[in-house]
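Residues per chain are reported as follows:
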Amino acid sequence: MARIAVVIALVWLASAPVTGAQDDPDLRIGLELYAAGKYEMALGSFRAVIEARPDKPAASVAAGRCLIALGRTAEAIECLVRAASPGEPSAELSSVLGQAYYWSGLQHLADDPSEESRSVAQARLSSAVDSLNRAVAAAPDADEALYFLGRTRLQSGAEGAAAAEKALARAVQLKPDQPSYREQLGEALLWLGRFPEAAAAYRKAAELAGAEFQSFRRQCLVRAGQCHGLGGDAASAEADFRAAFELGPEDTSLFLALWEVYATDADRYDDGIRILEALAVARRDAALPRYYLGFLQKTKGDHPAARRALEACLETAAGKAFPEAWARVAEYLYHDDGNEAEAARYCQRALGLDAQNETAYGLLQGMVSRRYAAGEWVEAESLTRRLLDARPSSGLEWSNLGLFLTNQRRYKEAWWAYEKALQYEPDRPDILYAAGGLLYFYSFPLDRPRDKARELLERALELAPDNLDAMENLGILCLERGELERARELLQTVVEYDPGRGVAMRELNKTLHALRTRAVGPGATVGPGEEPDRK
């Protein structure tokens, strides 16, 4: 933001020389450098004058302007305050000091979002208002001071809009050909809800700006379109947006502004659609009109039209780089056409452009869930690998891959997948449980690594003490290892929570029988419910 502030300031500084300084030979060299945009060199020249003649405030004012242009607002404030200290400052010095406070406040707001920084910014903006008011009081026709007073007031939004409009209207009256004055007046009128007047101010600013200020002109036309749209004049809004579009067909801010007006009110959907269609016709190769048209049609509920617009977007060179367009068309391919293969391909294109695209990712996950529910493990595996292409560090997806491989009895590959899952998410209970279950129940025929299985299951239970699956599997493992008391404790807890678990009930009965057998010694037999034979 500090850099943006400097760029905006440069437009001003080129047209706002220090009053009377041109006739001073000591300042003339600096002013020539200043006019050429060589602010660092000009600053050196002005500082030489200040050092030689510290009582000459014009040099300090010129140095202050240079420092603002260079983004060094703290130094500008220090320089100007020092120049103002001997007595009553001139209107120009107060004006430039106010500008320094203004830009400093914006820098604090942009560079640091903390509460402390916001407090400093508000103090700077308050000081800007005080200095600029002093400048206007000393020179009521100081248009530059009025302009920056209006800008500063606008930082308070609706609260400061009336005062801003008053200052900016006076600045426009004094200098009607200054486009920046008109543009900020439009901003104040927009805050006040005076949409036709705001649109007129923005349009006039665009007309007055030179051809070299194309970005400024485009943004003024966009704002004019917004104001006309908010005021219900769709025809004028279309003309403004189209003029802005011709200046920059790839300008996303134009479409965001259009969306803000026409996609937030159902009564305006049709007007917005008509404007976007007109922009699409104006430039057959432009992606953005078709992209936003697709989403506005979708918002309206016309899904066939939305699909046509998004497919048309993907036919353009620029549109092929829009991941969300690929993802949304994938939804139509999947849900409307039932074409899973093509939908998956579109999702993969979207994720290739943006691995974090949630539309494509969620759609692929839905395909996986459907295949899993149908017991189609090979298809589920293939789709999961597409997800892993996009997010290779997802422990969940590696774990799912392990499950699908396990169900295909590809146990070694499954264990490799679970190892990858644990590498990325070592403390996720469901992954620990699944990996432990694989090692114990489905592991390699000649060597079941039970110690590792137990470690994983114990860790899963530690992290999720209520996980009945981990509890049941660990209980069965303990029974096999002869740890009967631990097995009984675990399996009994499972059965108490869920009496319908047949496997847990069966293994618990085995455990209880083994405990009774152990109590009476080798060779004794104890039936269910019988007391041990103590003969």
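You'll find the structure just up there.
Bear in mind the structure is a predicted one, so any value in this text is a computation, not a measurement. (Residues numbered from 1 in each chain as written. Predicted model: local features only at pLDDT ≥ 70, side-chain atom pairs only at ≥ 80, totals over all residues. Heavy atoms only, no water.)

1. Thoughts on the packing of aromatic side chains
- Applying the stated criterion across every chain yields a total of 16 aromatic pairs.
- Ring geometry for Tyr291 against Phe295: centres 5.0 Å apart, planes inclined by 70°, an arrangement best described as edge-to-face. One end of the pair is Tyr291 and the other is Phe295, both in helix α16 (residues 288-300) and 4 residues apart, which spans about a single turn.
- On the accessibility criterion, Phe295 (15% relative accessible area) is buried.
- Grouping aromatic residues by their ring pairs yields a cluster made of Phe245, Phe255, Trp259, Tyr291, Tyr292, Phe295 and Phe322.
- For the cation-ring pair, Arg391 lies above Tyr361, with the distance from its terminal atom to the ring centre recorded as 3.6 Å. (Phe/Tyr/Trp six-rings, centres within 6.5 Å; stacked < 30°, edge-to-face > 60°. Helix = DSSP H or I, 4+ residues; strand = E, 2+ residues; numbered from the N terminus. Buried < 20%, exposed > 50% of the residue type's maximum accessible area, 1.4 Å probe, protein only. Lys NZ or Arg CZ within 6 Å of the ring centre and 35° of its normal.)

2. Some details on the pattern of salt bridges
- Evaluation of the coordinates by the stated rule reveals 48 salt bridges.
- Between Arg268 and Asp265 there is a salt bridge, with its nearest N and O atoms 3.9 Å apart.
- For Asp265, a relative accessible area of 26% puts it in the partly exposed group.
- A salt bridge links Asp451 to Arg481, with the nearest nitrogen and oxygen atoms 3.0 Å apart. One end of the pair, Asp451, is in helix α25 (residues 450-463); the other, Arg481, is in the loop between α26 (468-480) and α27 (484-497), and 30 residues separate them in sequence.
- We classify Asp451 as exposed; its relative accessible area is 56%.
- Connected through shared salt-bridge partners, Asp451, Arg454, Glu458, Arg481, Glu483 and Arg486 make up one network. (Salt bridge = Lys/Arg side-chain N within 4 Å of Asp/Glu carboxyl O.)

3. Comments concerning helix α10 (residues 179-191)
- Counted at 1.5 Å a residue, the expected span for α10 with its 13 residues is 18 Å, and the 19 Å between its end C-alpha atoms agrees.
- Along α10, 12 of the 13 residues are buried, which leaves the element largely enclosed by surrounding structure.
- Within the span of α10, buried status applies to Pro179, Ser180, Tyr181, Arg182, Glu183, Gln184, Leu185, Gly186, Glu187, Ala188, Leu189 and Leu190.
- Between the side-chain oxygen at the start of α10 and the backbone nitrogen of Ser180 there is a gap of 3.2 Å, and the oxygen is on Gln178.
- In the stretch just after α10, Gly193 is the one whose phi turns positive, near 75°. (Expected span 1.5 Å × (residues − 1). Polar contact = N/O pair within 3.5 Å; in protein donor to acceptor, adjacent residues only side chain to side chain.)

4. A few points about unusual backbone geometry
- The phi angle at Arg409 is positive, at roughly 65°, despite the residue not being glycine.
- Examined against the element boundaries, Arg409 turns out to sit in the loop between α22 (395-407) and α23 (411-424).
- The exposure class of Arg409 is exposed, given its relative accessible area of 67%.

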